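What follows is each chain in one-letter form.
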Amino acid sequence: MITKDKERDFHMEALTWKTSLQETEGLLEDIEKKIHRTNSIVADKTKERFALSIKHYLEKIKNLKQRVSIFENRLSFLNECDTSQCDLAFFEEADDISTLVKICTKNVKVLLSDSSYYST
């Protein structure tokens, strides 16, 4: 059975994920602004590639936010867990979400780094 402290920790972790995803959305907005400000030297294909990447990551963030929200809603059932298998499911879900948030954030930072070549 998971304790109240662990439930609180899960809520705090969910808050951290949401904050990280918001910051990542901000990075995507910065990339978009940077690419739109670039001069005509940057090929349209490059701009299109960045636009597609931004769209892809915004969709990924939207899905992750939805998953975090579902996870938070399920936390109310945490006290009803009476088996180690049930407890393990929450830990596995938390690990999975955490990993996906980190990967998404890292990939967007790489994209931001790539976009710095095109700043004017």
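Residues numbered from 1 in each chain as written. Predicted model: local features only at pLDDT ≥ 70, side-chain atom pairs only at ≥ 80, totals over all residues. Heavy atoms only, no water.

### As for the side chain of Ser20
In step 1: As for its placement among the helices and strands, Ser20 is situated in helix 1 (residues 4-37).
In step 2: Given a relative accessible area of 19%, Ser20 falls into the buried group.
In step 3: Not counting residues within four places of it along the chain, the set of residues in contact with Ser20 comprises Val101 and Thr105. (Helix = DSSP H or I, 4+ residues; strand = E, 2+ residues; numbered from the N terminus. Buried < 20%, exposed > 50% of the residue type's maximum accessible area, 1.4 Å probe, protein only. Contact = heavy atoms within 4.5 Å.)

### Overview of the environment of Asp114
In step 1: If you trace the backbone, Asp114 turns up in helix 3 (residues 84-115).
In step 2: Relative accessible area serves as the criterion here: at 28%, Asp114 is assigned to the partly exposed category.
In step 3: Spatially, the C-alpha atom of Asp114 lies 14 Å from that of His36, the residues being 78 residues apart in sequence.

### Describing the environment of Tyr117
In step 1: Its location among the elements puts Tyr117 in the segment after helix 3.
In step 2: We classify Tyr117 as exposed; its relative accessible area is 66%.
In step 3: C-alpha of Tyr117 to C-alpha of Lys106: the two residues are eleven residues apart in sequence and 18 Å apart in space.

### As for the packing of aromatic side chains
The geometry of an aromatic ring pair is captured by the separation of the ring centres together with the interplanar angle, meaning the angle of the planes.
In step 1: Under the counting rule described, the total for this entry stands at five aromatic pairs.
In step 2: Look at Phe10 and Phe91: their rings are 5.3 Å apart centre to centre, the planes differ by 55 degrees, and that puts the pair in the tilted class. Placement of Phe10 in helix 1 and of Phe91 in helix 3 is noted, with a sequence separation of 81 residues between them.
In step 3: Here Phe10 falls in the buried class, since its relative accessible area comes to 1%.
In step 4: Among the aromatic residues, those joined into a cluster by ring pairs are Phe10, Trp17, Phe71, Phe90 and Phe91.
In step 5: Over the face of the ring belonging to Phe50 we find Arg49, whose NZ or CZ atom lies 4.5 Å from the ring centre.
In step 6: Above the ring of Phe90, the side-chain terminus of Arg74 is found at 4.8 Å from the ring centroid. (Phe/Tyr/Trp six-rings, centres within 6.5 Å; stacked < 30°, edge-to-face > 60°. Lys NZ or Arg CZ within 6 Å of the ring centre and 35° of its normal.)

### Quick notes on the confidence of the model for the chain
In step 1: When pLDDT is averaged across the chain, the result is 87; 91% of the residues are at 70 or more.
In step 2: Least confident of the elements in the chain is helix 1, whose mean pLDDT is 90; most confident is helix 2 (residues 44-74), at 92. (pLDDT = per-residue confidence, 0-100.)

### Points about the pattern of salt bridges
In step 1: Tallying each qualifying case throughout the model produces five salt bridges.
In step 2: Between Lys18 and Glu72 there is a salt bridge, with the nearest N and O atoms lying 3.1 Å from each other. Highlighted residues: Lys18 in helix 1 and Glu72 in helix 2, separated in sequence by 54 residues.
In step 3: Measuring nitrogen to oxygen at the nearest pair gives 2.8 Å for the salt bridge that ties Lys65 to Glu25. Residue Lys65 is located in helix 2, and its partner Glu25 is located in helix 1; the two are separated by 40 residues in the primary sequence. (Salt bridge = Lys/Arg side-chain N within 4 Å of Asp/Glu carboxyl O.)

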